[in-house]
Amino acid sequence: MKTFLETVLAEADYQPVRLLKILRAVQAHYRHIPETAIDILTDKLNIPRTQIIAVVEFYSFLHSTPQGRYDILFSDSITDRMQNKESLLSYAAETLKVKVGEVRKDELVSLNNTSCTGMCDQGPAGLINGYPLPRLDRPKIDTIAALIEQETPLIDWPAELFQVEETLYKPGLLLTQPFSNGDAIKATFNRGLTETLAEVDLSNLRGRGGAGFKTALKWRTCAVQAATPRYVICNADEGEPGTFKDRMLLNLYADQVFEGMTLCAAIIGSTQGLVYLRAEYLFLYEKLQKILQNRRDQGLLGSNILGQAGFDFDIEIRMGAGAYICGEASAQIESLEGKPGIPRTKPPNSVICGYLRKPTVVDNVETFFATTHIAIKGGQWFADVGTPQSTGSKLLSISGDCARPGIYEYPFGTRISEILSDCGAEEVMGVQIGGPSGTFISNRELERTLAFEDLSSAGSFMVFNKTRNIFDIVQNFTEFFAHESCGFCAPCRVGTSLLKNQLNKIIDGHGSAVDMEKLSEICLIVKNFSHCGLGETAANPILTTLASYPELYVEQLKRSGFSPGFNLDATLAIARHLTQRDDSGAHLSQQVEN
């Protein structure tokens, strides 16, 4: 083990900030993080043992006990469930002879759920040892099971099992622009750094990750900070269920994303960029490394970029390890520093005190992609599209009940009804815009528009037709938030579980009008008192579906008579155990009154 760890540590330059990279390598080699490895890393990295244990316990893709040599995860997004995922998971468990959530006795295979794999356009999907398995069906599961039983190395599996498709149905303002490597950097230096920042300002570009902060303001604030060095971080951790447009951009347009990071570095005076790539996109890692190396060979990264004396900048890719909260900027910075991804208290914001407590710009993949073309075409070109408050275009990841799921690009201000027509959606019951943290709208609101001032979205656009049960949707989203809460603050940690339990009570038909009031109260507490954006939006699935279809919630309430909401006799099991009684007199039978 020491020899292996020495190699891994050497590749990470013995830097504690690369702890996640090191632990991912240990997990891949030993299928868990052994205690002995923790002891060695504590000594070699000179960091507290408790920090390493905290990181192992925080991230879903790290384990303290061995997983199977073939570790299979099924995506549990609502769109996967709509495509028969639950039945397929049961079939996989039966075929592979392993229970969900467990490791088979021979340790050959383990099977479990994961929140979302970023493949909602080609579900039901899964991962095996971190690599994607899109469009699963029973024949594919049979093939996978046979390969596992034969202990065939993953590298020898048929390539089509892992084939990820990037279906681009409607390219728009940005995706149709011609581009050659270096165009944006040359345009930036020809125009001048200050003048290019002015063009970004003129474009009124707002961050595409969801919050919508004005990009030029963020860059300018970072640039004027006295502290150095300054950092550029590309947030490629699109963990919102239903979102996959950043996957497409990195798979097909990575040069344009890296170029946006580079011109940002020129403007704010940075020499180091980081890409935080979500763990589910492991299949992109090697491809992106090659693109970065190609850019170094072309003089687009490294020292004196394109002959500009003193302009030095390079980009490093670091992978997450399965934590939705790390899409939040300050949580992501914590993760990049080798810690659990717990959001920081603000202020100060990351542009003042970010990575390693230095000024840092954190922007989304799509934002950097847009700045590349703004640098080339100018700010007015971009501002002429969209609405005054929401300029330019927006990439959408469309999934769910439609004939053509995939990637679409629309000018801001486009009506939802037009988008639904383009993707072939019929008999629509509702649309979830912006993922579980976003907004659910009913079919009575389809003339609303895609815009920050109306319906904003980080990219997720899920369609549900009239055959769907709205409670299946809101239950899936509420369970998602309860699972993904980082546990830092009580309103979110406790509140998301209370929301799940209270909602389930109503869905199960045991809720009364008082329970509805209680549900609303919990929603407000979670929304108003949580530490970060996850908690602030965790109640949105309930609040927005309740606003859209209040009659469905009312119909779900119990009508009359007594209907027990829990098993009272089972609740007393502990008391029976303590008193060592299990006779008939120690049991209760609940009476149902009509």
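Scroll up to find the structure this text is about.
Now for a quick tour of the structure. What you are looking at is a predicted structure, and each value in this text was computed from that prediction instead of being measured.

Moving on to the packing of aromatic side chains. One pass over the structure, following the stated rule, counts 17 aromatic pairs. Aromatic side chains Phe-58 and Tyr-59 sit 5.0 Å apart centroid to centroid with 75° between the ring planes, which places their arrangement in the edge-to-face category. Since its relative accessible area comes to 1%, Tyr-59 is described here as buried. Their ring planes at 35° and their centres at 5.3 Å tell us that Phe-412 and Phe-452 sit as a pair that is tilted. Residue Phe-412 is located in the loop between β12 (406-411) and α17 (416-423), and its partner Phe-452 is located in the loop between β14 (439-442) and β15 (460-465); the two are separated by 40 residues in the primary sequence.

The next point concerns the environment of Leu-557. Secondary-structure assignment places Leu-557 in the loop between α23 (550-556) and α24 (568-571). For Leu-557, a relative accessible area of 14% corresponds to the buried category. Spatially, the C-alpha atoms of Leu-557 and Ala-513 are 7.0 Å apart, while their sequence positions differ by 44 residues. If we ignore the near neighbours within four places in the chain, the residues touching Leu-557 are Ile-506, Gly-511, Ser-512, Ala-513 and Met-516.

Bringing the nonpolar core into the picture now. Of all hydrophobic cores here, the largest spans 74 residues; its most connected members are Leu-23, Tyr-59, Leu-62 and Phe-464. When residues of this core are assigned to their parent elements, the largest contribution, seven residues, is made by helix α18 (residues 470-484). Other than its neighbours up to four places away in sequence, Phe-464 contacts Ile-78, Met-82, Asp-401, Val-428, Met-429, Gly-430, Gln-432, Phe-440, Ile-473 and Phe-477. Formed by 60 residues, the second largest nonpolar core is a distinct cluster that contains Ile-315, Val-351, Ala-375 and Leu-395.

The next thing to look at is the sheet that holds strand β4 (residues 126-128). The strand order across the open sheet built from five strands is β2-β3-β1-β4-β5, with neighbouring strands paired in mixed fashion. Looking at the sheet topology across the chains shown, the edges are occupied by β2 (102-103) and β5 (131-133). Looking at chain direction, strand β1 (residues 70-75) and strand β3 (residues 109-114) are connected through six bridges and run parallel. By the bridge assignment for β3, Leu-73 is matched with Asn-112.

In this section: the packing of helix α1 (residues 2-11) against helix α3 (residues 35-45). Two measures define how a pair of helices packs: the angle their axes make with one another and the distance between the axes. Where α1 meets α3, the axes come as close as 11 Å, and the angle between the chain directions of the two elements is 45°. Taken as axis vectors, α1 and α3 run oblique relative to one another. As α1 packs across α3, the resulting crossing turns out to be right-handed. Residue-level inspection shows Lys-2, Leu-5, Glu-6 and Leu-9 of α1 in contact with α3, the latter providing Ala-37, Ile-40, Leu-41, Lys-44 and Leu-45.

Orientation of α1 relative to helix α2 (residues 19-30), taken along the N-to-C sense of each, is 145°, at an axis distance of 9 Å. Relative to α2, the crossing made by α1 is right-handed. Touching Phe-4, Leu-5, Val-8, Leu-9 and Glu-11 of α1 are Lys-21, Ile-22, Ala-25, Val-26, His-29 and Tyr-30, all from α2. Its residues placed into classes, the contact of α1 with α2 shows eight nonpolar, one polar and two charged.

Before going further, it helps to examine the pairing of strand β10 (residues 360-364). Summarising burial for β10: five of the five residues are buried, a large majority. On β10, burial covers both faces: Thr-360, Val-362 and Asn-364 on one face and Val-361 and Asp-363 on the other are all buried. Examined bridge by bridge, strand β7 (residues 230-236) and β10 share five bridges and lie parallel to one another. What sits directly across from Tyr-231, in β10, is Thr-360.

Another aspect to go through is the sheet that holds β14. Across the sheet, six strands lie side by side as β6-β12-β11-β15-β13-β14; this open sheet has mixed pairing. If you trace the sheet from one side to the other, it starts and ends with β6 (168-170) and β14, each paired once. When the angles between neighbouring strand axes are averaged without regard to direction, this sheet yields 30°. For strand β11 (residues 393-400) and β15, the ladder comprises four bridges, and the chain directions are parallel. In the strand pairing of β15, Ser-399 is matched with Met-462. Where helix α11 (residues 245-252) meets the sheet, its contacts fall on β11 and β12, and the angle it forms with β11 comes to roughly 115°.

Cut-offs used in this document
- Residues numbered from 1 in each chain as written.
- Predicted model: local features only at pLDDT ≥ 70, side-chain atom pairs only at ≥ 80, totals over all residues.
- Heavy atoms only, no water.
- Phe/Tyr/Trp six-rings, centres within 6.5 Å; stacked < 30°, edge-to-face > 60°.
- Buried < 20%, exposed > 50% of the residue type's maximum accessible area, 1.4 Å probe, protein only.
- Helix = DSSP H or I, 4+ residues; strand = E, 2+ residues; numbered from the N terminus.
- Contact = heavy atoms within 4.5 Å.
- Core = buried A, V, L, I, M, F, W, Y, C linked by side-chain atoms within 4.5 Å.
- Pairing = 2+ DSSP bridges.
- Axes fitted to C-alpha atoms, helices over the stretch in contact; angles between N-to-C directions.
- Parallel < 35°, antiparallel > 145°, perpendicular 65-115°, else oblique.
- Left-handed = near helix turned anticlockwise from the far one by under 90°.
- Nonpolar A, V, L, I, M, F, W, Y, C, P; charged D, E, K, R; others polar.

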